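Close look at the chain arrangement
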Amino acid sequence: MSAPAVGVLALQGDAAPHVAALRGLGATPREVRALADLEGLSHLVLPGGESTTLAHLLDLFDLRAPLVAGWRAGRLALFGTCAGAILLGRDEGEAPRRLGVLDVTVRRNAYGRQVDSFAEPVVAPWLGQPPLGAVFIRAPRFADPGPGVEVLARRGDEPVLVRGPGALAATFHPELRDDARVHALFLATRPAAAEAAAASARG
Amino acid sequence: MTTTATPTATHENGSTTADPYELKVGLARMLAGGVILDVTTVEEARIAEDAGAAAVMALERVPADIRREGGVARMAALDRVVGIRDAVSIPVMAKARIGHFVEARVLEQLGVDFLDESEVLTPADEEFHIDKHAFRVPFVCGATNLGEALRRVGEGAALLRTKGEAGTGDVVEAVRHLRRIGREIRELTVAPREELMTRAKLLGAPYDLVRRVAEEGRLPVPNFAAGGVAGPADAALVMQLGAEAVFVGSGVFKSDDPARTAAAIVKATARHADAAVVAEACAETGAPMRGSSAAALEPAERLAGRGW
């Protein structure tokens, strides 16, 4: 199987480590800054960064609607880490405005400030061994995942890696460690058509 | 689940399961492609956040005012830092004087996200910088050349920036520092291994870091531009010269329309290689700060010479 056509949103945030991780898996990622860069992509990473800045830039450069439309039409699978995960979450009226492609609440800066950032191994059955080294930087938290959302890894009781139809999100930064298992999982995630998303949401 | 239950969230250094240095450099990487704006009030901080700034630097006075008013420039008043910290959701930085590790501890206590050991403030020590490995909070430091950059990394800086010449609105010194560091890195990458020890001696930099730069062809931590960036064209210039993000000080809140200027600089930084977008951004700014030529400064007025 050839690697899918994958892009990394490169307006603000740590696009470079995502690009390196995807290259390591044999993909040839494209940096996405404008609408034309989305042409032909089946997968797109929204990196870590500042979610307010990323939301501002998505709106400024008219990328918000095309991303949601591509996801809804089953053409584009989305993967967000940290700030990217915030953007993918449920739109509940809070700033920054979310894309609403993943049926989960994502609370910003939910562990505190930078001095409260931490790294910790995360265990999950699908991962096998060794545990995943997870780096949490001013990290958000997932809450109330909907019935169509699968929790793929937890830290204690709380979800840190979740997947819904056509969308994967981590509150940590798999791109900052030399371990591409989460990126490989994303490349294996198929874009999901809206019907499938709705069916899955109904459970 | 309490927010204090994580074993690595203790504020003491050295007793964590994780390497806090990875977390420090990690936050620096999250700021890439962004603009960090100097702010002195809660209102300015909110303008910066709304304009898309990736972080703010909480200050008592912007560099242009420090230059004009003179006197000893210290860390900002704590109520000012706390007010700004509580007003925005983006990371908040603050400046401590070179070598003033107590100012740094105080600002760390306030939960500031990043500390700038800055030549813009009056140095507290004319020989030694802060031992930045001893802190849980990450530090950014200025550098004019590769030796200085690697000395600061050796001391624990998680992020570098050019010094430029703060408060002038003249980008020439930031350009000089980016060009020089880039050239010195390229020279190391082609140097035979047996030359690296003597080059480390000449640079005044730790040998292990010199060897790493020679092998990887880049700095061990991100390098941002700072000092004299006054508008969208300056921001795009320093980004194209290899800066990974931009600090903007007096350039925004000394312009005639700060909100527009800030938004335009954010836009030009994100899409710095696209001339059409940079042109739009230039058309959208207010009139820039008038500024002063860095070349016309007396040696004693040059901030970039501070730091050792």
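Everything discussed here concerns the structure shown above.
Structure report, in brief.

In terms of regular secondary structure, chain B is built from 13 helices and eight strands. With respect to the principal axes defined by its C-alpha atoms, chain B has extents near 55 × 50 × 40 Å. For chain B, with 308 residues in total, the buried portion stands at 60%. Partitioning the intrachain contacts of chain B with sequence separation of at least 6 by distance along the chain shows that 66% fall at a separation of at least 24. Seen as two clouds, the 36 positive and the 44 negative side-chain charges of chain B have centres 3 Å apart.

Turning our eyes to something else, we now look at the overall build of chain A. Helix and strand counts for chain A come out as six helices and eleven strands. By its C-alpha atoms, chain A is 40 × 40 × 35 Å across when sized along the principal axes. Pairs at least 24 apart in sequence give 66% of the contacts found in chain A among residues at least 6 apart. Summing over all exposed atoms, chain A offers an accessible surface of approximately 7600 Å²; the carbon and sulfur share of this is 52%. The averaged location of the 21 negative side-chain charges in chain A is 1 Å from the averaged location of its 21 positive side-chain charges.

Next up on the list: the pairing of strand β11 (residues 167-170) of chain A. All names here are of chain A. Covered by surrounding structure in β11 are A167 and A169 together with L168 and A170, the residues of both alternating faces. For strand β10 (residues 158-164) and β11, the ladder comprises four bridges, and the chain directions are antiparallel. Residue R163 lies in a different strand from β11, and its bridge partner there is L168.

The next thing to look at is the packing of aromatic side chains. Under the criterion given, the structure shown has seven aromatic pairs over all chains. Both rings, one in F118 of chain A and one in F136 of chain A, keep their centres 4.7 Å apart while their planes meet at 15°; by these two values the pair is stacked. Placement of the pair is F118 of chain A in strand β6 (residues 118-122) and F136 of chain A in strand β7 (residues 132-136), with a sequence separation of 18 residues. With a relative accessible area of 0%, F136 of chain A lands in the buried category. Here F224 of chain B and F247 of chain B contribute two aromatic rings whose centre-to-centre distance is 6.0 Å and whose plane-to-plane angle is 45°, an arrangement assigned as tilted. In this pair, F224 of chain B is assigned in strand β7 (residues 223-224) and F247 of chain B in strand β8 (residues 246-248), connecting sequence segments 23 residues apart.

Quoted interface sizes are often the accessible area lost when the parts come together. The interface is formed by 43 residues belonging to chain B together with 40 residues belonging to chain A. A buried area of about 3100 Å², summed over both sides, lies between chain B and chain A, and 58% of it is on carbon and sulfur atoms. In terms of surface lost to chain A, no three residues of chain B exceed L23, M30 and R271 of chain B, which account for 20% of the buried area on that side. Our enumeration of links across chain B and chain A arrives at three salt bridges. A salt bridge links D113 of chain B to R113 of chain A, with the shortest nitrogen-to-oxygen separation between them at 2.7 Å. At the boundary of chain B with chain A, the tally comes to 19 residue pairs in polar contact (both at pLDDT 80 or more). Secondary-structure elements contributing two or more residues to the side of chain B that touches chain A are α1 (20-30), α2 (42-50) and α12 (258-270) of chain B. The dominant element in the side of chain B that touches chain A, judged by the number of residues it contributes, is α1 of chain B, at seven residues.

Moving on: the side chain of D38 of chain B. Residues and elements named next belong to chain B. If you trace the backbone, D38 turns up in strand β1 (residues 35-39). Buried charge D38 goes without a salt bridge, the closest partner of opposite sign being K95 at 4.9 Å. Filtering out sequence-adjacent residues up to four positions away, D38 remains in contact with M57, L59, V62, P63, V248, G249 and F253.

Residue and element names in this part refer to chain B. If you walk across this open sheet you meet the eight strands as β7-β6-β5-β4-β3-β2-β1-β8, and the pairing is parallel. The two strands at the open ends of the sheet, each matched to only one other strand, are β7 and β8. Bridge count for β1 against strand β2 (residues 55-58) is four bridges, and the pairing is parallel. From the neighbouring strand, D38 faces β2, where its bridge partner is M57.

We now examine the sheet that holds strand β4 (residues 77-81) of chain A. Residue and element names in this part refer to chain A. Taken in spatial order, the seven strands make up an open sheet running β2-β1-β3-β4-β11-β10-β9, and their pairing is mixed. Every interior strand has two partners, whereas the edge strands, β2 (30-32) and β9 (150-155), have only one. Strand-to-strand, the axes of this sheet are offset by a mean angle of 20°, without reference to chain direction.

The element α1 of chain B is extensively covered by neighbouring structure, given that nine of its eleven residues are classed as buried. Residues of α1 of chain B that are buried include every one of P20, Y21, L23, K24, V25, G26, L27, A28 and M30 of chain B, and no others. Residues of α1 of chain B that are buried in the fold lie against β6 and β7 of chain A together with β4 (114-118), α6 (146-155), β6 (159-162) and β7 of chain B.

Residue and element names in this part refer to chain B. Interhelical geometry of α6 versus helix α9 (residues 207-216) gives an angle of 120° and a closest axis separation of 10 Å. Of the two elements, α6 crosses α9, and the hand of that crossing is right-handed. Every residue of α9 that contacts α6 at L150, V153 and G154 is listed here: L209, V210 and V213. Partitioned by chemical class, the residues of the contact of α6 with α9 number five nonpolar, one polar and no charged.

The next point concerns helix α13 (residues 275-283) of chain B. All names here are of chain B. Here α13 has its buried residues at V277, V278 and A281. Down the axis, α13 shows its buried residues gathered within 100° of arc, on one side only. In α13, those exposed residues whose orientation departs by more than 90 degrees from the buried face are A275 and A283. Those residues of α13 hidden inside the fold are in contact with α10 (232-240) and α12.

Time to look at the pairing of strand β3 (residues 92-97) of chain B. All names here are of chain B. Most of β3 is tucked away, with six of its six residues classed as buried. Here β3 shows two buried faces, one formed by V92, A94 and A96 and the other by M93, K95 and R97. One ladder, built from five bridges, connects β3 with β4; its direction is parallel. By the bridge assignment, A96 is partnered in β4 with E117. Crossover connection from β3 via helix α5 (residues 101-109) to parallel β4: handedness right-handed.

Turning our attention to the environment of A83 of chain A. Residues and elements named next belong to chain A. One can find A83 in helix α4 (residues 83-88). C-alpha separation for the pair A83 and L46, spaced 37 residues apart in sequence, amounts to 7.8 Å. If we ignore the near neighbours within four places in the chain, the residues touching A83 are P47, G48, G49, E50, S51 and L54.

Definitions and limits used
Residues numbered from 1 in each chain as written. Chains lettered and ligands numbered in written order. Predicted model: local features only at pLDDT ≥ 70, side-chain atom pairs only at ≥ 80, totals over all residues. Heavy atoms only, no water. Helix = DSSP H or I, 4+ residues; strand = E, 2+ residues; numbered from the N terminus. Buried < 20%, exposed > 50% of the residue type's maximum accessible area, 1.4 Å probe, protein only. Contact = heavy atoms within 4.5 Å. Lys, Arg positive; Asp, Glu negative; His and termini not counted. Charge placed at Lys NZ, Arg CZ, Asp CG, Glu CD. Areas by Shrake-Rupley, 256 points an atom, 1.4 Å probe, with all protein chains shown as cover. Pairing = 2+ DSSP bridges. Phe/Tyr/Trp six-rings, centres within 6.5 Å; stacked < 30°, edge-to-face > 60°. Buried area = accessible area lost by both parts, 1.4 Å probe. Salt bridge = Lys/Arg side-chain N within 4 Å of Asp/Glu carboxyl O. Polar contact = N/O pair within 3.5 Å; in protein donor to acceptor, adjacent residues only side chain to side chain. Axes fitted to C-alpha atoms, helices over the stretch in contact; angles between N-to-C directions. Left-handed = near helix turned anticlockwise from the far one by under 90°. Nonpolar A, V, L, I, M, F, W, Y, C, P; charged D, E, K, R; others polar. Arc of directions from axis to C-beta. Right-handed = clockwise from strand over helix to strand, strands pointing away.

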